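Chain and residue survey
One letter stands for each residue in the lines below.
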Amino acid sequence: MGKDWVPAESSGWMWAHHAIRADFEDTLIILARMRDAPKIEPWEIDELKLWFARVSENVHHHHDNEEKVFFPKIRERVALPERLTADHKTMLAALTEADAAVNAIRSQSDVSKAYTKVKAVQDMMLPHLKEEEDDTLPAMMKQFTPKDFAPIEQKMVKAMAWYELPHFYRRLEDDFAAKRSHGVGHLGIPGFVFGGPIKKNMDRYDVEYGWYVHELKDPALKPKYDNLRMQYHAKKAAAAAEAGRGLNAHAIRVGSGSGCRSENAHDTHQACHDEFNRTYEALLRRFAQAVRRQLMTRLPALRAARMPTVPAPAADLTD
């Protein structure tokens, strides 16, 4: 992260807001279709509940981060309006009602009430997000530097569940290059991390959440996504089988050429399995040490590139 903020439109805060907007827009499209359809299938109700649980959790996490992390830090130099916190309480209360309405759906006749409750949350959410973007975000960027928030943001990223970053980028659909460009270029995520574990999490997210949106909007697409799910799980099963064959081959090689042999086949396999684990853990330690050495080599240059900051006078955003 450099000494200057990225453009506001590219900031993580703004993108989190765009994700929330997309979530409610998509959910209302789905509910309207289900409400007006000639009939709906049980799988549609089940998937809707799973999807909206993810939407609701995302809103809770976002507001928790603002209340517990960002707002207290910003208030060190900026007088934020108290209505921001009051709005959060009002919206979360309405969200609780929307959750209950969605979870209460048993048949098509229940969908209309759920639509009304979700729409009520959206109607409160949109002006609130815009106020934060018009006032709070610019004030933060004016009174602070990225360095001031770096430890906070790093802690937040570490605490993320596996599905949170894929959900953050959901609206980009299958454009992995655009996701990687933003994550690496604007959020400072290492490229090898984004292309490795994060990419795997995005694939998993599609299977467990993302594709629900497409088939709930158009149920005719369900066979397509069911087939893609089968391909995904078949690929994982094949990879697991290949890993098992590799472990057995390693056990044979090590068992025939070192001291992991024993009097019976079971003990030999267990001994070789233990040796494989020790070797794998040693490789992980060596990799971690190499990464640390690289970071320590770059650290002086990174520190030199950052100018010391002087606290600015407090700004006042109250009415």
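Here goes a summary of the coordinates provided. It should be emphasised that the depicted structure is a prediction, and the values quoted were computed from it without experimental measurement.

About the cut-offs
- Residues numbered from 1 in each chain as written.
- Predicted model: local features only at pLDDT ≥ 70, side-chain atom pairs only at ≥ 80, totals over all residues.
- Heavy atoms only, no water.
- Helix = DSSP H or I, 4+ residues; strand = E, 2+ residues; numbered from the N terminus.
- Buried < 20%, exposed > 50% of the residue type's maximum accessible area, 1.4 Å probe, protein only.
- Contact = heavy atoms within 4.5 Å.
- Areas by Shrake-Rupley, 256 points an atom, 1.4 Å probe, with all protein chains shown as cover.
- Expected span 1.5 Å × (residues − 1).
- Phe/Tyr/Trp six-rings, centres within 6.5 Å; stacked < 30°, edge-to-face > 60°.
- Lys NZ or Arg CZ within 6 Å of the ring centre and 35° of its normal.
- Core = buried A, V, L, I, M, F, W, Y, C linked by side-chain atoms within 4.5 Å.
- Axes fitted to C-alpha atoms, helices over the stretch in contact; angles between N-to-C directions.
- Parallel < 35°, antiparallel > 145°, perpendicular 65-115°, else oblique.
- Nonpolar A, V, L, I, M, F, W, Y, C, P; charged D, E, K, R; others polar.
- Left-handed = near helix turned anticlockwise from the far one by under 90°.
- Polar contact = N/O pair within 3.5 Å; in protein donor to acceptor, adjacent residues only side chain to side chain.

**Focus on the overall build of the protein chain**
The secondary structure content of the protein chain amounts to 10 helices and 2 strands. Residues counted as buried form 37% of the 319 residues belonging to the protein chain. A separation threshold of at least 6 residues defines the contact pool for the protein chain, and within that pool the share at least 24 residues apart is 75%. When the accessible surface of the protein chain is summed, it comes to about 18,100 Å², and 57% of that surface belongs to carbon and sulfur atoms.

**What to know about helix α1 (residues 12-36)**
Under the 1.5 Å per step criterion, the end-to-end length of α1 is 36 Å for 25 residues, consistent within 8% with the ideal 36 Å. Most of α1 sits out of view: 19 of its 25 residues are buried.

**Here we look at the environment of K73**
Mapping K73 onto the fold places it in helix α2 (residues 42-74). Remark: the alpha-carbon pair of K73 and I152, spanning 79 residues in sequence, is separated by 9.3 Å. The residues touching K73, leaving out its near neighbours within four places in the chain, are F144, D148, F149 and I152.

**Here we look at the side chain of Q122**
Here Q122 lies in helix α4 (residues 111-143). When sequence neighbours within four positions are dropped, the list of residues in contact with Q122 reads F24, E25 and L28.

**Quick word on the packing of aromatic side chains**
A full pass over the atoms with the stated rule returns 15 aromatic pairs. Between Y205 and Y209 the ring centres are 5.5 Å apart and the planes differ by 35°, which places this aromatic pair in the tilted class. Here Y205 pairs with Y209, and both are found in helix α8 (residues 191-217), just 4 residues apart, close to one helical turn. Overall, the relative accessible area of 2% leaves Y205 in the buried class. Of the residues examined, Y209 reaches a relative accessible area of 17% and is grouped as buried. Ring pairing ties together the aromatic residues W5, W13, F70, F144 and F149, which thus form one cluster. Its guanidinium or amino end placed over the ring of W15, R171 lies 4.7 Å from that ring's centre, counting from NZ or CZ. Here K199 stacks its cationic end above the ring of F176, 5.6 Å away from the centre of that ring.

**A closer look at the nonpolar core**
Residues F24, L48, V118 and M125 are the most contacted members of the largest nonpolar core, which totals 33 residues. Secondary-structure elements contributing two or more residues to this core are α1, α2, α3 (83-103), α4 and α8. Each residue touching M125, except ones within four places of it in the same chain, is listed here: I20, F24, V59, H63 and M91. Counting residues in hydrophobic clusters, the runner-up holds 14 residues, among them M14, F71, A139 and M141.

**So, unusual backbone geometry**
At E173, a position not held by glycine, the phi torsion is positive, near 55°. Counting through the fold element by element, E173 comes out in the loop between α6 (164-168) and α7 (176-185). Residue E173 is classed as partly exposed on the basis of its relative accessible area of 40%.

**Let's talk about the packing of α2 against helix α5 (residues 146-159)**
Running from amino to carboxyl end, α2 crosses α5 at an angle of 170°, the nearest separation of the two axes being 11 Å. The angle between α2 and α5 places the two elements in the roughly antiparallel class. Across from N65, V69, F70, K73 and I74 in α2, the residues of α5 making contact are D148, F149, I152, E153 and M156. Among the residues making up the contact of α2 with α5, the classes are represented as 6 nonpolar, 1 polar and 3 charged.

**Notes on the packing of α1 against α8**
As a packed pair, α1 and α8 sit with axes 9 Å apart at the nearest point and diverge in direction by 35°. Considering how the two elements wind past one another, α1 and α8 form a crossing that is left-handed. Across the interface between the two elements, D26, I29, I30 and R33 from α1 touch V213, L216 and K217 from α8. Residue composition of the contact of α1 with α8, by class: 4 nonpolar, no polar and 3 charged.

**Some remarks on the side chain of D148**
Within the secondary structure, D148 sits in helix α5. Within the structure, D148 has its side chain in polar contact with the backbone nitrogen of T145 (distance 2.8 Å).

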